Amino acid sequence: MEWRNRHVLLLTLLAVLLTACSVTYKFNGASIDYSKTKTIQIAEFPVRSNYVWAPMGAMFNNRLKDQFANHTQLIQVRRGGDLKLEGEITQYTQRNKSVSADGYSAQTELAITVNVRFTNMTNHSEDFERQFTATQSYETTQSLSAVQEELVTLIIRDLCDQIFNAAVANW
């Protein structure tokens, strides 16, 4: 009988502890004080590169907004946000990455660079203006038009992750 009483007491104590404490784990990396920061203003990033692939601008802008919508509780506003992201796509380039034994290009690297201005209206010490670059390579035997959409999608995903981490992860 004594064992049963201890068992009930232990279970009751465990239940009280579990309901009294709450532990929250976030795997998205966001470190936002939602009591001070509730909104974000994400401006359209125009393409200011000499070389342009038409869908690139819309793909980037949509992905960046989705990144913050899916991984934070911030409300996106058109103006007056607690956080503000703005900038422009400054480069869309390709260059030879490696040369084969016969002296011809074996791989080509596609790169996109974005200039970002981040303003935190609740803590200006976190403000920054910085360039982010992401690249993907492809075999030179393939044409850019055959792989462009897939590569640009991967590059944009990488860029948006970099921007998100710099703006709200505070690692």
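Check the entry above for the structure.
These notes cover the structure that comes with them. (Residues numbered from 1 in each chain as written. Predicted model: local features only at pLDDT ≥ 70, side-chain atom pairs only at ≥ 80, totals over all residues. Heavy atoms only, no water.)

## A few points about the overall build of the protein chain
Each helix and strand in the protein chain was counted, giving 3 helices and 5 strands. Order of helices (α) and strands (β) in the protein chain, N terminus to C terminus: α-β-α-β-β-β-β-α. For the protein chain, buried positions account for 34% of its 171 residues. In the protein chain, the proportion of contacts linking residues at least 24 apart, taken out of those at least 6 apart, comes to 70%. Accessible surface, the protein chain: about 11000 Å² in total, of which carbon and sulfur atoms supply 52%. (Helix = DSSP H or I, 4+ residues; strand = E, 2+ residues; numbered from the N terminus. Buried < 20%, exposed > 50% of the residue type's maximum accessible area, 1.4 Å probe, protein only. Contact = heavy atoms within 4.5 Å. Areas by Shrake-Rupley, 256 points an atom, 1.4 Å probe, with all protein chains shown as cover.)

## Focus on the layout of surface pockets
Estimates place the volume of the largest pocket at around 190 Å³. Partitioned by chemical class, the residues of the lining of the largest pocket number 4 nonpolar, 6 polar and 3 charged. (1 Å grid on protein atoms, 1.4 Å probe; cavity = no way out; pocket = protein on both sides within 12 Å on 5 of 7 lines; lining within 4 Å. Points joined across faces, edges and corners; volume = space filled by probe spheres on them. Nonpolar A, V, L, I, M, F, W, Y, C, P; charged D, E, K, R; others polar.)

## Focus on the packing of aromatic side chains
The full count for this structure, using the stated rule, is 5 aromatic pairs. Ring geometry for F45 against F60: centres 5.2 Å apart, planes inclined by 65°, an arrangement best described as edge-to-face. Of this pair, F45 sits in the loop between strand 1 (39-42) and helix 2 (56-71) while F60 sits in helix 2, and the two are 15 residues apart along the sequence. In terms of burial, F45 and F60 fall into one category: buried. Ring geometry for Y51 versus Y92: centroids 5.3 Å apart, planes at 5°, classification stacked. Of the two residues, Y51 sits in the loop between strand 1 and helix 2 while Y92 sits in strand 3 (residues 83-99), which places them 41 residues apart along the sequence. Taking relative accessible area as the criterion, Y92 reaches 1% and is therefore assigned buried. Ring pairing ties together the aromatic residues F118, F128 and F132, which thus form one cluster. A cation over an aromatic ring shows up here: R130 above the ring of F128, its NZ or CZ 4.5 Å from the ring centre. (Phe/Tyr/Trp six-rings, centres within 6.5 Å; stacked < 30°, edge-to-face > 60°. Lys NZ or Arg CZ within 6 Å of the ring centre and 35° of its normal.)

## A short note on the pattern of salt bridges
Scanning all chains against the criterion turns up 6 salt bridges. Notably, a salt bridge pairs K65 with E44, separated by 2.4 Å at the nearest N-O pair. In this pair, K65 sits in helix 2 while E44 sits in the loop between strand 1 and helix 2, placing the two residues 21 residues apart along the sequence. Look at the salt bridges and you will find they share partners, linking R48, E86, E88, R117 and E129 into a network. (Salt bridge = Lys/Arg side-chain N within 4 Å of Asp/Glu carboxyl O.)

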